[in-house]
Amino acid sequence: MNTHRFFLSSLTTMAFLASLSTSTQAETLATLLDYQPSCIDKSLPPLTIEVVAGDYVDDGAPEESQAFKQALKALQVQASEQGADAVALTKVNNHVTNATKKLEVNYTKSRSSYDKSFTRLTTHLEAKLFKLCSSDKSLTSQRTKFNAQGYQIKSFSYAYTMELPVDESPAILAKNIQVPPAEVSLNTGVYGLNLGAKSEQVSERLGPPSIEITLEDDMAVWGYGRSHWFIFSDHQLIEVRSQSPYMSAYGRNLIEPRDGFDDISWKVNGTIPQKTSIDKVINQLEQTNNLVGTNFISMSHQDTQLKLSFDLFHPSSMEEPVALLTQYQLKSNVSHKSYTPNTPTKSQLNQLESLLNLNKSRQPSLEELQDIYPAMSRLNISGSGVWWLLGNHLQVQFQDDKLTKLRVSPAVFAQEDSLESYYSSIKGLGLPTNKQSLLKQYTDASDNFDMVDLYRDDFALIAKYESDELRAEIYELEVEYF
């Protein structure tokens, strides 16, 4: 089977199609069929093409986009050049990729960099080619697998009633919660929740957490948005803070910003907002047992301590810096040692990677992964649904207990880590870590500058690299299962 690949951009699309049309010498293009032909004079070798639209605008179904229509046109042109006058689509796969590339700009005396985001649509098409009988070009009543617009045809010959399921995903449940005022106080706690509250009380008042992190020693931390972190011991609240010591910058960015937590400023005692100067905070506080440092104020009442932290800001480049309120920490006076996220042991990680290896003929269920590593954390509210975190680099997504996505990323948790552990996870899945080796291992993979795309019948793989050089090392891997 011949495979043709094209990479299109807005500046080259018209010239590309014009050149293809010229190559057919202005002949009539092969027809995309909705129905099977009645009389076939000759069946030609099947055709496969991949078309990459490098500046795709994701504003609806890919099949409705101009980029997809251009891919269909390219298929017709290639079929016509091979002598076909009719085409029946047998496989259609559209994959949208979002990526950000760091670009550098060199000036005379300085250098700066900025992030450029782009979206790419990769269209994979397979088709049967026919030379129809000259005396009979009629069509039967039997549908082709896909119609001429690229949509899969499904016929139903029975009547049924359907009750749409209620979406009870964490993201939907969170939107239905009326979040209380964002107040921090020794007397009323945080969002009206005092230390000692049960985890059920927290979820009832604030909704499902954005992320649930399993800590060592059977403890847990719940993050609400990126700004409030509730720490539990034996399902009992022992600490609340505005800054997470558990997540890396990459990990925090995986969490979707959340209304009521990330979009508003919290207030101390309901009257002192964030970014208030330390002098004003001291004047407005009524507690007499305050401990004031150069960049913090600590207050206590009975067994509870509230610590307010301040950072220096320059309101104007010519003015002296001002210490403004930025963080809070509410905890018990009883000392707690610092806890770290629970990550799989070396043995557990080897077993997980073995089950997820891309050379496996069967994908594991969520239950199988949980049997190996019961303490996995869960990202409930992200920009792409619920993800299970298998340690610091592996993330998986399931739907109806079927594995749908796999991601290998930079470190999610803020703990000591090395590139070697990241590369080990890539190798554990049966893949090399650099671009050149991946292209050598999979000769049919598509080299798209700083990305490599690979398609199989049961999955699509996208590997992202630090640059477009062949020796570049991978920094993120995504696999989508069909």
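Further up the page is the structure itself.
This text gives an overview of the structure that appears in the document. (Residues numbered from 1 in each chain as written. Predicted model: local features only at pLDDT ≥ 70, side-chain atom pairs only at ≥ 80, totals over all residues. Heavy atoms only, no water.)

Brief notes about the overall build of the protein chain
Along its length, the protein chain carries 10 helices and 27 strands. Sorting the 482 residues of the protein chain into buried and exposed places 45% on the buried side. Surface accessibility of the protein chain: about 25,600 Å² in total, with carbon and sulfur atoms responsible for 47%. (Helix = DSSP H or I, 4+ residues; strand = E, 2+ residues; numbered from the N terminus. Buried < 20%, exposed > 50% of the residue type's maximum accessible area, 1.4 Å probe, protein only. Areas by Shrake-Rupley, 256 points an atom, 1.4 Å probe, with all protein chains shown as cover.)

Looking at a negative patch on the surface
Residues Glu367, Asp371, Asp400 and Asp401 make up a contiguous surface patch of negative charge. By the element assignment, Glu367 lies in helix α8 (residues 366-372). The exposed category is assigned to Glu367, whose relative accessible area is 52%. (Patch = residues over 30% accessible without salt bridge, like charges linked within 9 Å, V, L, I, M, F, W, Y side chains within 5 Å. Salt bridge = Lys/Arg side-chain N within 4 Å of Asp/Glu carboxyl O. Lys, Arg positive; Asp, Glu negative; His and termini not counted. Charge placed at Lys NZ, Arg CZ, Asp CG, Glu CD.)

Quick look at helix α9 (residues 419-428)
Of the residues making up α9, those classed as buried are Tyr422, Tyr423, Ser425, Ile426 and Gly428. Immediately beyond the C-terminal end of α9, within one or two residues, lies Gly430, with a positive phi of roughly 90°.

So, the packing of aromatic side chains
Using the criterion set out here, one finds seven aromatic pairs in the structure. Here Trp222 and Phe232 contribute two aromatic rings whose centre-to-centre distance is 4.9 Å and whose plane-to-plane angle is 55°, an arrangement assigned as tilted. With Trp222 in strand β11 (residues 219-224) and Phe232 in strand β12 (residues 228-233), this pair connects stretches of sequence that are 10 residues apart. Assessed through its relative accessible area of 12%, Trp222 is described here as buried. Taking the relative accessible area as the measure of exposure, Phe232 reaches 3% and is therefore buried. For the ring pair Trp266 and Tyr328, a centre distance of 5.0 Å and an interplane angle of 80° mean the geometry is edge-to-face. Placement of Trp266 in the loop between α5 (249-254) and β14 (267-268) and of Tyr328 in strand β19 (residues 322-332) is noted, with a sequence separation of 62 residues between them. Trp266 gets classed as buried once you look at its relative accessible area, which sits at 3%. Counting every residue linked through ring pairs, the aromatic cluster contains Tyr191, Tyr224, Phe230 and Phe261. Positioned above the aromatic ring of Phe296 is the side chain of Lys307, whose terminal nitrogen or guanidinium carbon lies 5.0 Å from the ring centre. Between Arg407 and the ring centre of Trp387, over which it is positioned, the NZ or CZ distance is 4.0 Å. (Phe/Tyr/Trp six-rings, centres within 6.5 Å; stacked < 30°, edge-to-face > 60°. Lys NZ or Arg CZ within 6 Å of the ring centre and 35° of its normal.)

A word on the environment of Gln36
Mapping Gln36 onto the fold places it in strand β3 (residues 35-37). In sequence terms Gln36 and Thr140 are 104 residues apart; their C-alpha atoms lie 5.6 Å from each other. Apart from the residues lying within four places of it in its own chain, the contact partners of Gln36 are Leu139, Thr140, Gln142, Arg143 and Thr144. (Contact = heavy atoms within 4.5 Å.)

Concerning unusual backbone geometry
At Tyr191, a residue that is not glycine, the phi angle is positive and equals roughly 55°. A relative accessible area of 1% places Tyr191 in the buried class. Positive phi, close to 65°, is recorded for Asp401, a residue that is not glycine. Looking at the secondary structure, you find Asp401 in the loop between β22 (394-399) and β23 (402-408). Judged by relative accessible area, Asp401 falls into the partly exposed class, the value being 43%.

Notes on the environment of Gly270
Topologically, Gly270 is positioned in the loop between β14 and β15 (272-273). Gly270 sits in the partly exposed class, given a relative accessible area of 24%. For the pair Gly270 and Val184, spaced 86 residues apart in sequence, the C-alpha to C-alpha distance is 7.1 Å.

Regarding the state of the cysteines
In total, this model carries one disulfide according to the counting rule given. With its sulfur 1.9 Å from that of its partner, Cys39 forms a disulfide with Cys133. Its S-S torsion of about -65° marks the bond between Cys39 and Cys133 as left-handed, since a negative value means left-handed. A residue pair is termed long-range when its members are at least 10 positions apart, and Cys39 in the loop between β3 and β4 (40-53) and Cys133 in the loop between β6 (111-132) and β7 (139-143) qualify at 94 residues. (Disulfide = S-S within 2.5 Å.)

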